[in-house]
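Coordinates in review
If you want the building blocks of each chain, they are given just below.
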Amino acid sequence: MATPMPSGVPRQPPPQTDNPNFQQKQESLPDDLQKWNPNKPSPFPGSAPTLPPLVRPPPSSSTSAPSQPNSRPGAPPPLVVPGPNVPPNVGSVRPFGPPNGPPSPFRSPSGPPSPFGPPSGPPSPFGTRPPPGSLPSSMGGGPVISPRGSGAPGPGGRPGAFGSSSRNGPPVGVPPPMMVTGRSPGPAPSMGPFVGSPQASPKPGPPTQSAPPFSAPLAAPFGTQTWAPGQVAPPTAAPNAAVQPPRMFGMPPPQPNQPLPAIDQTGASLEDARKINSNQIPRPTTSYSKIQYDTRQGNQANIPPPASCDYIVKDTGNCSPRYMRCTIHQVPCTADLLTNCGMELALMVQPLAPLHPSEEPIPVVDFGEGGPIRCSRCKGYINPFMRFTDHGRQFICNFCGCVGSTPHEYQCNLGPDGRRRDADERPELCRGTVEFVATKDYMMRDPMPAVYFFLIDVSMNAIRTGATAAACAAISQVIADLPEGPRTMLGIATFDSTVHFYNLKRVLHQPLMLIVPDVHDVYIPLETDVVVQLSECRKHIEQLLESIPTMFQDNSTAESAFVAAIKAAFLAIKSSGGKLLVFQSVLPSVGMIALSARDAEGRGNISAGEKEPHKPLQPADKALKTMAIEFAECQVCVDVFTTTQTYVDIASISVIPGTTGGQVYYYYPFSSISDPVKLYNDLRWNITRPQGFEAVMRVRCSQGIDVKEYHGNFCKRIPTDVDLPGIDSDKAIVVTLKHDDKLQDGSECAFQCALLYTTVYGQRRIRVSTLSLPCTRNITNLFRATDLDAQFVCSLKQVANEIPFTPLLQIREQVTNICINKLLAYRKFCTTATTSGQFILPEALKLLPLYTLALTKSTGLQTDVKIDDRSFWINYVSHISTPSAVCLVLPQMIAVHNLDFDKQEENGSAIPPVLPLSSEFVSEEGIYLLENGVNGLIYIGSLVDSNIVRQLFGFSTVEETPTQFALQQYDNPLSKKLNDVVNEIRHQRCSYLRWTLCRKGDASGALFFSYLIEDATPKDGPSYSEFLAHLHRSIQAKMS
Amino acid sequence: MSEMANTDPEGIDAVRMTWNVWPRTKVEASACVIPLAVSIAPIRSHPDIPTLPYAPLRCKSCSSALNAFARVDFTAKIWICPFCYQRNHFPPHYAMISETNLPCELYPQYTTVQYSLQANPDPNNPSNVPQLPPVFVFVLDMCMIEEELGFVKSAMKQALGLLPEHALVGFVSFGTQAHVHELGFSDISKVYVFRGNKEISKEQVLEQLGLGSAGRRPTAGYPKGLQNGHSNTGVNRFLLPASDCEYTLNSLLDELQTDQWPVQPGNRASRCTGVALSVATGLLGACMPGTGARIIALVGGPCTEGPGTIVSKDLSEPVRSHKDLDKDAAPYFKKAVRFYDSLAKQLVSQGHVLDLFASALDQVGVAEMKVAVERTGGLVVLAESFGHSVFKGSFRRMFKDGEQSLGLCFNGLLEINCSKDIKIQGVIGPCTSLEKKGPNVSDTVIGEGSTSAWKMCGLDKSTCLTVLFDISSTERSNAPGTANSQLYLQFLTSYQDPEGKRMLRVTTLTRQWVDSAVSTEELVHGFDQEAAAVVMARVTSLKMEMEDGFDATRWLDRNLIRVCSKFGEYRKDDASSFTLNPCFSLFPQFMFNLRRSQFVQVFNNSPDETAYFRMLLNRENITNAAVMIQPSLISYSFNSLPQPALLDVASISADRILLLDAYFSIVIFHGMTIAQWRNMGYQSQPEHQAFSQLLQAPHVDAQMIIQERFPVPRLVVCDQHGSQARFLLAKLNPSATYNNSIDMTAGSDIIFTDDVSLQIFFEHLQKLAVQS
């Protein structure tokens, strides 16, 4: 894989077909990266045992859970506390634990923290709801209890607790495995509470009790155990609070109200805290089982599984959560109720999200000339929630309530249940997502052709770093993947301080280069023949791409007229619209909207002392926005591939992709060794992923709720619609909602997202996704129905928006406050019975603190980050989908030095269990792989067996670690395993990932450790346990 | 042609003057009616002109060159400047001078000498005298039909083959946009595209072509060697020696297509001639200063895009006519002229030439571009197609070497020194005033004035200028005692010859002052009526262009009457007593023909044609210009040798062939009988060889004329009563019209016109001249 792809490499099959590959078989994955085809968007992790999410584990299961500490986090049982960690794991290797237990759906508690795990937990509680009776039990889920047992001493002393911890694990990352077994059974139960079932609502109160037995004991033991030693530690104790919670984590269905030992506020020493019980803190669990999910059951909306786990959706009326996911799966009836719960009501919309291969394709409905049936008032599209009356002659709109008459040819009698008799045969009446064939009324012009315009930087730096060659090679290979047929148009231009077009349609020997030298006021040099039919001019194009790098070999122009070039390319495809793919390497320094190196003063860092340090994160010139809007109006979607070794002012550049529905790819520092392959794969995925052109999207809501705002990469010209010159399977849009009226308790509130777009093959379609959720007046229900992932992504995106305009510290504080407020609200409204000393987490939000902590330590909010890195992060976040967002902020770490010892096959996944992001779990004798969907880091410990190093990387000592790296497969099982793992990850992420080798003692090592967000760092904040303690303190302070 | 054929009226000096003796005072001069003017062909070659391999001595006060009229004190080694009477010492290397050992320039017969300024390069620094190769930038219109483009391509290819090998060649093509071809880029055809609708400054052109100082600014951290090595190399990307780029250019021409931008139906092609010329000019701006360069514009239609636009794209709007210009109804005209005027300024400041080859059925905007062509001394050829012999012949001629060479020179500079009391009003002809003020500069400006020095970016052997003078003294200040009965004029022309050598030509003239108040006799004998007619034509043309509402016919009539009144002999109010001295006898006829010529009767022509005619009128020598005004007519018949015929309809006869030379066109006119014989094929029968020879004779003569003329005249062969016969009839004196054709004999002809005939014109003239 390391080798740059030779042009001869066979091309992957088209994307569509790929899908299946993913999970089916590993072998389908090409061993070598070159072949790896990102086409297949399968966000799904490897196959896993299926756990029907709906199944509620009996409470009893929870008990069992503790006993099986090691079991995979798999699918957390619904009721059971999600908390994956069983105390046993504590010190030791969590990740490895799993092998023992086949993942049993039920056993929630135990399990190594897998990122997916936790989310799965929360859903379960809801699952219970359907059966009315079960409800209460579900409620039982866990509030987290503070570490402190009843006996918990005052704040100060806590440190003692740590003493105990010390036994658990050696201070170093690798805890002795034995611990696991020993401990697991005992403490496990106690953990439960921490993990917390989402809700502890006082009202439903009684039912929740199922848990009580446990809770009581749990709390007690812990408190005592851990804390007893309290004395041990002097003032440093504060963190201990944090420590404790971990233990609770494992707990099954703890009682919300359970009194947990109060966390100790006063500071415990960090070290102690960490050493002690970090394993017991709530952490994500990996689920290898596949969840079957019906969107509606019993005519009620079902709470979806977490975004990042593997699930298969059956559309039974509501749309798949892949397309639309609400932050709360019940809609508060009033605005006040929403305010009280401290959460945001918003929809995560990803209209072209890829399907799981086992899911049914979206039905396409053609209504003929009349077009789809729509409400005459609000124009809502026909959906399963529109009610037919008067023998089917009329229908009532579920958005505005307007009564419309059914067109004659569409009439059908109603059955005894009030549904149309043909409802089940008509997808638009029984499916949450359908695609309508658009009629002429939906077209301002004929559907646009698929137009691709490649713009390549050939300035001196681009040439010298190999970026130009990489871009040309990538394009040249990718051309084969473009849609066939006469509708595919293609153009190529290059630029340095001028813009060079190519007349590709010449009869005679070679293309003609046409230079547009006026970069202050650009134009196109030809009206035709700059963009040509691919099928006619393939030869010329290939020849040109081959010769570009040599043609500019001696280019001594260092300046770049990037903006002018984009503008010129835009003019070339203005009449049709299309995709503009720009490969750029240096700061745009000449021509229109030239930019200056704004990072010069701050050395690329933002230090808090400077005035307006965030200024460079804002676009330098407002004209960029104006220009971008013009692009969007002409349906031009811009993607920028930044292959650079210097500052390029992404903050400014990203305005254009950000407004036109495109995105920025960032290769910094560009390496001609490791990046060309990624560039190719990114480009290929960009072109082959499911996508549409000239799209317009609108979300409609039932009366009482209205759209507040849209966030994402698009252009908005009128308040109700967003214009998307390009939309693809990776792009998500956040739609925040607001109340403009009260809703009826017990009624349903519907949301409908309609996306009108043109496919790459030139069909005009309307994809309509409808989601209907119950309304509630009960705040406890809200907490139970909370979707942590969606909530998190929503606030992640809002934070990202804020970064350019607000000091970092303030934002971090804000982020923490949002977390505190949610937990506080829960504490205030749902767990009134508990004493103030307890730290209780709602089950659904039990990972909220970890997410929050990770967010404050993310690239966007870290202190020492290059301006461009931060800008890129901001732009990336603005369009990121929910599953990718979670892993972006909370990377996955796995050990790879012992891959071949570990038999993972049983659970069907090549990927070994995930390690917590703490340096405790990193041994200098191991090799670790950490990835967040964008970057992949492989850390080679300083004491690793050189044999292993040689097997994996081909060099024998750590000192030889190269700075530029391309993963290769060597002829040994270990290397093969590693490559399998890497490829599996790539498939999951739909991203090739940028790989870096890291070793201790240099910048790469520091980079690696900066991703371990559970560790305390001097600049960026506390350790996980300290953070929990901080939260607890803050909540307590507010409570009192 | 005929009467002057065997004499050289211009002599070694290539000078003709309206008056060869000059009146003393301003009043007397104005009484002469015909202005004091000198027509000079500054670099006309003449076998008697010596070329001296050194630089001339200059007077230290007026900087005139040492000449044959200087008074030399051989003992004191001093010469006295005839213009300012400054005494100048000879420099040491003239120490050998004596009455018997004179330097060439002091020989009395060498009133014109030529100095070769580079004959003596500094031996220490030979590189200081670079032989700058001439530069040719072709600017080719692409908005043509395929056929025309084919013609012009092949003409260009032919021209490329004729260029000297070391000459640098550049290529700009244009349509909706202007394309500068980078000939030095071998990987791929590379073209810089300039938008057609936006005015662009020289600096912008240079910067955008990467030739500006900004473009070459070394970037920090990169080797500077490249830039420092050849400070001007940038332009080598665009200008290559003809030998190097001939292949590239040929293949480029092969691939060149007509403009790719679509033309809406009912519209003209969008053609950005203005921008293309600006860009070419800007490109040349990157050349070393002093490089001789010409832009050769091949234009196939009017500019419709951007600066210099002369007409809108809408075909329903015709190109401006004289009537429109008169009524100020040509919306683009003034703006376009302003644009080309500024272009001219830029070209002149760079010392570069604009040649215009326009070939189209409709106008292309020569009237607007005239200023840029004329001020830079460029060539202009107007034809109706690139396939027409007028274009093909002229274009080929331009690049011809040897005998037929036009002798295209660059970077000419003309300076004039003259005796006190003589003021220079200005110059009519292909040059630009350098605004060099001095005591000899008149306040009255005619043509390029307010100066004693002129720039001639391009000039050739036949380039001719008309200098108009004025007398400043109002009274006879220099009383008889001063003895300077002679006036002196000196023309210094420095230029770069086709080989790149720097030359200086010095022509010093002397003429006599006369006191015309006493007697006009001397004046009359010094009158050159042919020169006077041409000067009048030039002045009239100028006034028609410059003065709004100028009535040329009346002005000419009035002046003619004044001339006749002053110089005729008559009794007052007795028309029949009127006689003219032979020195004036032809003048009225010249005026009669001038009144009828295309220079005055512009409404028969388009503004483009008028501009074209006038440019040639101004730059041709007196003899040729006289032909333009009054064509020559030769008659061929069995009975006699070819002989000049009267320019009169009466000259037409059925058994004659007439050859009319109207300069721009040459008409061979077969009388009716001749035509019939020819149609019956007698010429191919051996027994009628004489007939064949008769038919042949005018063609041979016509070819001779065509060969030595640039631009190549249009040859019209026609028969009596044929449609083409109008080319002849229009030029003839309508002595027989339908009004008075009483005595029509067989074979003669009449002209359908209401114009007055020469006879009637004379009658009126006599009447008016004698009026008191």
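- In the annotation of an unreviewed UniProt entry, chain B is listed under the name Protein transport protein SEC23 and assigned to Gossypium hirsutum.
- What the UniProt record of chain B gives under Sequence similarities (unreviewed entry) is the line "Belongs to the SEC23/SEC24 family. SEC23 subfamily."
- The Function (unreviewed entry) comment attached to chain B in UniProt states, word for word, "Component of the coat protein complex II (COPII) which promotes the formation of transport vesicles from the endoplasmic reticulum (ER). The coat has two main functions, the physical deformation of the endoplasmic reticulum membrane into vesicles and the selection of cargo molecules."

- As annotated in an unreviewed UniProt entry, chain A is Protein transport protein Sec24-like At4g32640 from Gossypium hirsutum.
- According to the UniProt record, the Sequence similarities (unreviewed entry) comment for chain A is "Belongs to the SEC23/SEC24 family. SEC24 subfamily."

Brief notes about the confidence of the model for chain B
Residue and element names in this part refer to chain B.
- Looking at chain B as a whole, the pLDDT averages 88, with 92% of positions reaching at least 70.
- Predicted confidence for residues 119-123 stays below pLDDT 50, and this span has 3 contacts to residues more than four positions away or in other chains.
- Here the predicted complex carries an ipTM of 0.85, next to a pTM of 0.80.

So, the nonpolar core
- Grouped together as the largest cluster of nonpolar side chains are 356 residues, with contacts concentrated most on Phe-501 of chain A together with Trp-22, Phe-469 and Leu-489 of chain B.
- Contact partners of Trp-22 of chain B, with chain neighbours within four places excluded, come to Met-17, Leu-36, Val-38, Ile-422, Phe-469, Ile-471, Leu-487, Leu-489, Gln-512, Trp-513 and Val-514 of chain B.
- Of all hydrophobic cores here, the second largest spans 38 residues; its members include Ala-167, Leu-298, Val-381 and Leu-406 of chain B.

A closer look at the sheet that holds strand S6 (residues 78-80) of chain B
All names here are of chain B.
- Overall, antiparallel pairing links the 3 strands, which are arranged S5-S6-S7 in an open sheet. In this open sheet, the two edge strands, each paired with only one partner strand, are strand S5 (71-73) and strand S7 (87-89). Here the strands of the sheet are splayed against their neighbours by 25 degrees on average, with no regard to which way each runs.
- Pairing between S5 and S6: 3 bridges, direction antiparallel. Note that in S6 the partner of Arg-71 across the bridge is Ile-80.

Section: the UniProt feature "domain: Gelsolin-like" (unreviewed entry) in chain B
- Here, the residues flagged by UniProt with the feature "domain: Gelsolin-like" (unreviewed entry) are residues 640-728 of chain B.
- Strand forms 25% of residues 640-728 of chain B and helix 35%; the C-alpha atoms that close the span are 22 Å apart.

Some words on the interface of chain B and chain A
- The partner chain A presents 32 residues to the 23 residues of chain B that form the contact.
- Summing the contributions of chain B and of chain A, the shared interface buries around 2500 Å²; its carbon and sulfur component is 52%.
- At the surface where chain B touches chain A, the tally comes to 3 salt bridges.
- A salt bridge links Lys-198 of chain B to Asp-521 of chain A; its shortest N-O distance comes to 3.3 Å.

Quick notes on the side chain of Asn-67 of chain B
All names here are of chain B.
- Relative to the helices and strands, Asn-67 is located in the loop between strand S4 (51-52) and S5.
- There is a polar contact of 2.8 Å between the side chain of Asn-67 and the backbone nitrogen of Phe-69.
- Excluding residues within four positions of it along the chain, Asn-67 makes contact with Pro-82, Phe-83, Glu-105, Leu-106, Gln-490 and Thr-508.

Details of the sheet that holds strand S3 (residues 36-40) of chain B
All names here are of chain B.
- One open sheet holds the 4 strands; their spatial order is S1-S3-S21-S18, and the pairing between them is antiparallel. Taken across any chain shown, the strands that pair with only one partner, and hence form the sheet edges, are strand S1 (15-17) and strand S18 (422-428). The average angle at which neighbouring strand axes cross in this sheet is 25 degrees, direction not considered.
- Packed on one face of the sheet, helix H13 (residues 529-546) meets S1, S3, S18 and strand S21 (465-471) and runs near 90 degrees to S21.

Here's the deal with the UniProt feature "domain: Zinc finger Sec23/Sec24-type" (unreviewed entry) in chain B
- The sites that carry the UniProt feature "domain: Zinc finger Sec23/Sec24-type" (unreviewed entry) are, in the present numbering, residues 56-94 of chain B.
- The annotated region residues 56-94 of chain B carries 0% helix and 23% strand content, and the separation between its end C-alpha atoms amounts to 11 Å.

Topic: the pattern of salt bridges
- Counted under the stated rule, the structure contains 62 salt bridges over all chains.
- For Arg-684 of chain A, the salt bridge is made with Asp-481 of chain A, and the minimal N-O distance between the two is 3.1 Å. Of this pair, Arg-684 of chain A sits in helix H23 (residues 675-688) while Asp-481 of chain A is found in the loop between helix H17 (467-478) and strand S14 (488-495), placing the two residues 203 residues apart along the sequence.
- Judged by relative accessible area, Arg-684 of chain A falls into the buried class, the value being 1%.
- Note that Glu-530 of chain B and Arg-16 of chain B form a salt bridge whose closest N and O atoms lie 2.8 Å from each other. Placement of Glu-530 of chain B in helix H13 and of Arg-16 of chain B in strand S1 is noted, with a sequence separation of 514 residues between them. This pair shows no difference in class: Glu-530 of chain B is buried, exactly as Arg-16 of chain B is.
- Connected through salt bridges with shared partners, the residues Arg-420, Asp-422, Arg-426 and Glu-428 of chain A form a single ionic network.

With respect to the environment of Met-369 of chain B
- Within the secondary structure, Met-369 of chain B sits in helix H10 (residues 366-375).
- For Met-369 of chain B, the contacting residues outside a window of four places in its chain are Thr-273, Leu-277, Tyr-340, Leu-356 and Val-364 of chain B.

Details of the pairing of strand S13 (residues 450-457) of chain A
Residue and element names in this part refer to chain A.
- Most of S13 sits inside the fold, with 8 of its 8 residues counted as buried.
- Neither face of S13 is exposed, since Ala-450, Tyr-452, Phe-454 and Ile-456 on one face and Val-451, Phe-453, Leu-455 and Asp-457 on the opposite face are all buried.
- Inspection of the sheet shows S13 paired to S14 by 8 bridges, in the parallel sense. When the bridges of S14 are listed, Tyr-452 appears paired with Leu-490.

Considering unusual backbone geometry
- With an omega of -15 degrees, the peptide bond running from Tyr-668 of chain A to Pro-669 of chain A counts as cis.
- Note on placement: Pro-669 of chain A falls in the loop between strand S20 (664-667) and H23.
- A cis amide bond links Phe-710 of chain B to the next residue, Pro-711 of chain B, at an omega of -5 degrees.
- Along the chain, Pro-711 of chain B falls in the loop between helix H19 (689-707) and strand S30 (714-719).

Describing the confidence of the model for chain A
Residue and element names in this part refer to chain A.
- Put simply, chain A has an average pLDDT of 75, and 70% of its residues get 70 or more.
- Contacts from residues 1-276, a stretch scored under 50 in pLDDT, to residues over four places away or in other chains number 952 contacts.
- Predicted confidence is poor over residues 602-609, with pLDDT under 50, and the contacts of this stretch with residues over four places away or in other chains come to 15 contacts.

The rules behind each value
Residues numbered from 1 in each chain as written. Chains lettered and ligands numbered in written order. Predicted model: local features only at pLDDT ≥ 70, side-chain atom pairs only at ≥ 80, totals over all residues. Heavy atoms only, no water. UniProt positions renumbered as here; feature names shortened; annotations may be inferred. pLDDT = per-residue confidence, 0-100. Contact = heavy atoms within 4.5 Å. Core = buried A, V, L, I, M, F, W, Y, C linked by side-chain atoms within 4.5 Å. Buried < 20%, exposed > 50% of the residue type's maximum accessible area, 1.4 Å probe, protein only. Pairing = 2+ DSSP bridges. Helix = DSSP H or I, 4+ residues; strand = E, 2+ residues; numbered from the N terminus. Axes fitted to C-alpha atoms, helices over the stretch in contact; angles between N-to-C directions. Buried area = accessible area lost by both parts, 1.4 Å probe. Salt bridge = Lys/Arg side-chain N within 4 Å of Asp/Glu carboxyl O. Polar contact = N/O pair within 3.5 Å; in protein donor to acceptor, adjacent residues only side chain to side chain.

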